[in-house]
Amino acid sequence: MYAQVIVDVPTMQTNQPYTYHIPSLFSEALIRGMRVVVPFGKGNRLVQGFVTDISDTTDQPDKLKDISQIVELEPVLNDELLQLATWVADYNFAFRISVFQTMLPNVMRARYSKVLRLIEPNELNHLPQIQALFADRDEVPFDVDNVDMTLVPTLLKLQKKRIIEIGYVVNNRAKVKKINAFKPIKSVDFYQEQRQQLRPSAVKQARLLSYLMQSPQTFVPVKEVIKSYQLDYAVLKQAEGKGWIVQKPLESYRIPKLSTPVKNSQPLTLNAEQQEAYIAIANNISENDTKTFLLEGVTGSGKTEIYLQAIAKALSEGQTALMLVPEITLTPQMVRRVKSRFGDDVAVMHSGLSDGERYDEWRRIQRSEVHVVVGARSAVFAPLKNIGLIIIDEEHESSYKQDENPRYHARDVAQWRANFHHATLVLGSATPSLESRARAQKNVYHLLTLEHRATNGMLPETQVVDMREAIKHGGDDIFSPQLIEAIQNRLTKQEQIVLMLNRRGYANFLVCRECGFTPRCINCDVALTVHKDISRLVCHYCGYSETIPTKCKNCGSTRIRQFGSGTQKVAEQLSEQIPQARVIRMDVDTTRRKGSTDQLLTAFGNHEADILLGTQMIAKGLDFANVTLVGVLNADTTLSLPDFRASERTFQLLTQVSGRAGRGDKPGKVIMQTFNPDHYAIQLARQQDYEAFYHQEMALRHAWKYTPYYFTIQIKFAHEKIDESAKAAYEIANWLKNIIDNETIMLGPATGTIPRIKNKYYYRLVIKYRHDEKLIQALGSLIKKGQQLQKQGITIIIDREPINFM
Ligand SMILES: Nc1ncnc2c1ncn2[C@@H]1O[C@H](COP(=O)(O)OP(=O)(O)OP(=O)(O)O)[C@@H](O)[C@H]1O
Ligand SMILES: [Zn+2]
Ligand SMILES: [Zn+2]
């Protein structure tokens, strides 16, 4: 028997399965989708691999290597996921191994460690130190904890003489958590009898026996019983010794908890608009039809309620449901809402979980113990079976596209899985991506609209404040008088306020007021960002950091100041201007700790603070009835992003954050501060008019030949030497020129917006096309052709529909 194995070596040469011989020992147990350990390459180094196929015969003439080990007895990838992986890899020009790793919990990524193996023990007689190192073992871990590094020269000599060898072992980090449990094994009468014979002083034994007399005949965690019956371990040990009970370790799940308990909730009675949308979705679920709905509903229109009832519908049909939410703050709030409806039938997957929790949630899904999954981007690969419904909330969010290999978009993967399962796909947003809205226009998607707020409230009224005027009249560049006045007004009424500092594309760097010098990253050529909390300048691309200088490195002047401001500075300014306001600050710094987001939001919800001040992470999903004012400190910074989607991003962000105001009975108000008050993205966000924005932006996209009129592919070439990356870029550009369609447009080669990242120089090509099979084929072959380039140290990145133009 032979197995096709994709090995854990992400290079162009290894992007196809290798054939291995299955030793008879494993031939019964080995199934497609399992993890194995195999020898690889000339040195037969052991690596992890995934079995993608098994066959009785092989056409490989060479002598084949044996599979060394099976990692676990259950397959970790089912047939659907194996097929999906092939599609994701091909479609996104990625390696299959990278796709497998993205699909599975982190702990299934193999860790390799070095070991020393003894080959000729008799040769060590005159080397007592080495003998002592091995003692009676023939393999020891090769690391500083085990090996005295002064022995290394000797060890290397011994390796040359083949007396020892240095090898690799594959460590499986996927560990199941166990807890101690016990159960009674005697009859009630027996326990009663024992109890009567006890000495009066044996209080704890008496308590245990009374417990055993009425306890269930199943394993119960030791800890729980000890706590509720005031026992101790010694008593249980004794009882085990006397044969009253048996103990054994039980598998236990690490289930992620929210900061406070989740209250149950009941389905709400849908209003007419909601009902219409729900019926369309529910009917489609019953019919097992593959259809995609675009649910375009203004902020607060009750999209979430429709999702929850649609999930209930899928469950009632005996199917499962998958719901994706953007990887941000809103995850805990959404998780809370879904758990309040479906309780323990929900598994959660997002980056806030520990590796152990992630692994356990994944296993609960894999074993079909839960039927609902809520999670961020990579949850789209959750091993659910029999999917009836997939929901993508805030479908326009760019975080659904992975910005590293494999560069997949969760929407594409969701569509594939919906087709596979004949499932219903629902894309929801108040501000759909232009791509999705355009597909609805062409009836590829079915458009469902909600034009009114669910609570009958009005959309908030929005005022645009021209900051150029505010500054002219002696105001500062953070708070206009209008905003300060509005905040004070809400404070007297005990109402709450959300303030957003738009940090995307924002300049939070140092500038010398004398010479204009800005400290930049030594690896990336980008301005360093000021992080006051750790008193350092940090590079956001590579993580390089240095202390905040007091003098300009260029001219020596001490007038080196921060340009722009962070949430911390805004909070300081706020406490100066309105000292009585209680402020919760929410940004990457205050939400880094696990669970902190959920805590901060719960505190705000309980009115423990008046103002929630944050970056764009607070723009979406928050549903607090007492918030009547939303202030946007700088509406226009996103407009300066080097990206054709800058207006779309700005419009989406402003509309979303405005939607946080007036969600309860009280009317809401929004104040947007901007230096570009006349820009259409800002004006249309003020009117919350998505449809008008869609038409205006589509006209521009058409004129400039951008998405959704054209597809886009970006190819990046990176090398430590700028000449080498340029050469590769021109070589490939010339090769492609002869292949691509007449209508296809190639831009570049050009250096990226940021030419150097992590010590590599980037060159890029941007290709815009409508239908170009030859182009796609050429790019597919490029990851093979790239082998030659890779040998020269060139990295090639092919990015379909890139989100990030760097
Ligand atoms: N049918 C209904 N009857 C009464 N209240 C409702 C109904 N549907 C939704 N709501 C309430 O209206 C509020 C807004 O609903 P929800 O958060 O679902 O809107 P949304 O469209 O998801 O909002 P956003 O896109 O702004 O996040 C919530 O407090 C919700 O409980
Ligand atoms: Zn850097
Ligand atoms: Zn200077």
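Residues numbered from 1 in each chain as written. Chains lettered and ligands numbered in written order. Predicted model: local features only at pLDDT ≥ 70, side-chain atom pairs only at ≥ 80, totals over all residues.

A. Main features of the sheet that holds strand β10 (residues 220–221). With respect to topology, three strands assemble into an open sheet ordered β10-β9-β11, the strand pairing being antiparallel. Both outer strands of the open sheet, β10 and β11 (245–251), are each paired with one neighbouring strand and no more. The sheet contact formed by strand β9 (residues 178–184) and β10 spans two bridges and is antiparallel. If you follow A181 over to β10, its bridge partner there is P221. (Pairing = 2+ DSSP bridges. Helix = DSSP H or I, 4+ residues; strand = E, 2+ residues; numbered from the N terminus.)

B. Main features of the nonpolar core. Of all hydrophobic cores here, the largest spans 162 residues; its most connected members are A310, M323 and V373. The contacts of A310, once residues within four sequence positions are left out, are Y278, I281, A282, I285, L389 and V426. (Core = buried A, V, L, I, M, F, W, Y, C linked by C-beta atoms within 7 Å. Buried ≥ 20, exposed ≤ 12 C-beta atoms within 10 Å, placed from the backbone. Contact = placed C-beta atoms within 7 Å.)

C. Just the site of ligand 1, in detail. For ligand 1, the set of nearby residues contains 20 residues, the closest of which are T299, G302, K303, T304 and A454. Here the shell around ligand 1 gets three residues from one element, more than from any other, and that element is helix α11 (residues 303–316). Looking at the shell around ligand 1 residue by residue, the class counts come to four nonpolar, twelve polar and four charged. Here the shell around ligand 1 spans two domains, and each of domain 4 (272–450) and domain 5 (461–506 + 564–636 + 648–688) adds at least three residues to it. (Near = placed C-beta within 6 Å. Nonpolar A, V, L, I, M, F, W, Y, C, P; charged D, E, K, R; others polar. Domains from an automatic or database assignment.)

D. Highlighting the UniProt feature "binding site: Zn(2+) 2" (unreviewed entry) in the chain. Within the UniProt annotation, "binding site: Zn(2+) 2" (unreviewed entry) is assigned to C521, C524, C539 and C542. The residue C521 is located in the loop between β21 (509–512) and β22 (529–531) in this model. Judged by C-beta crowding, with 24 C-beta atoms within 10 Å, C521 ranks as buried. (UniProt positions renumbered as here; feature names shortened; annotations may be inferred.)

E. View of the sheet that holds strand β24 (residues 545–547). Spatially, the three strands line up as an open sheet ordered β22-β23-β24, and their pairing is antiparallel. The open sheet has two edge strands, β22 and β24, and neither has a second partner. Strand-to-strand twist of the sheet, defined as the mean angle between neighbouring strand axes without regard to direction, takes the value 30°. (Axes fitted to C-alpha atoms, helices over the stretch in contact; angles between N-to-C directions.)

F. Geometry of helix α20 (residues 646–658). With 13 residues, α20 ought to run about 18 Å at 1.5 Å a step, and its terminal C-alpha atoms sit 18 Å apart, in line with that. Counting buried residues along α20, twelve of its 13 residues qualify, which places the element largely inside the surrounding structure. Along α20, the positions that sit buried rather than exposed are S647, E648, R649, T650, F651, Q652, L653, L654, T655, Q656, V657 and S658. (Expected span 1.5 Å × (residues − 1).)

G. Quick look at the confidence of the model for the chain. Averaged over every residue, the pLDDT of the chain is 87; residues scoring 70 or more account for 94%. The least confident element of the chain is strand β25 (residues 560–563), whose mean pLDDT is 69; the most confident is helix α14 (residues 410–421), at 98. Scoring of the predicted complex yields 0.84 for pTM and 0.94 for ipTM. (pLDDT = per-residue confidence, 0-100.)

H. Geometry of the pairing of strand β15 (residues 372–375). Of the two faces of β15, both are covered, the one formed by V372 and V374 as well as the one formed by V373 and G375. Looking at chain direction, strand β13 (residues 320–324) and β15 are connected through four bridges and run parallel. By the bridge assignment for β15, A321 is matched with V372. Bridge count for strand β14 (residues 346–349) against β15 is four bridges, and the pairing is parallel. The partner of V346 across the bridge, within β15, is V372. Each parallel crossover has a hand, and the one from β14 via helix α13 (residues 355–366) to β15 is right-handed. (Right-handed = clockwise from strand over helix to strand, strands pointing away.)

I. Region of the structure containing the packing of helix α10 (residues 272–286) against α11. Between α10 and α11, whose axes approach to 10 Å, the crossing angle comes to 25°. With respect to α11, the element α10 is oriented roughly parallel. Considering only the axes of α10 and α11, their crossing is right-handed. In this structure, α10 contributes Q274, A277, Y278, I281, A282 and I285 to the contact, and α11 contributes E305, I306, Q309, A310, K313 and A314. (Parallel < 35°, antiparallel > 145°, perpendicular 65-115°, else oblique. Left-handed = near helix turned anticlockwise from the far one by under 90°.)

J. Expanded view of the UniProt feature "binding site: Zn(2+) 1" (unreviewed entry) in the chain. When the UniProt feature table is mapped onto this chain, "binding site: Zn(2+) 1" (unreviewed entry) is found at C512, C515, C552 and C555. Looking at the element boundaries, C512 is found in strand β21. Position of C555 among the secondary structure elements: in the loop between β24 and β25.

K. Inspection of the environment of D189 at higher detail. Following the sequence through the fold, D189 ends up in helix α6 (residues 188–197). For D189, a count of 9 C-beta atoms within 10 Å corresponds to the exposed category.

L. Looking closely at unusual backbone geometry. Backbone torsion omega between N405 and P406 reads -15°, so that peptide bond is classified as cis. With respect to the element layout, P406 can be found in the loop between β16 (387–393) and α14. Cis geometry marks the peptide bond from T707 to P708, where omega comes out at 5°. Relative to the helices and strands, P708 resides in the loop between α22 (690–704) and β30 (711–719). Backbone geometry places E394, a non-glycine residue, at a positive phi of 50°. Residue position: E394 is located in the loop between β16 and α14. In this structure, K705 is a non-glycine residue whose phi angle is positive, near 55°. A count of 14 C-beta atoms within 10 Å places K705 in the partly exposed class.

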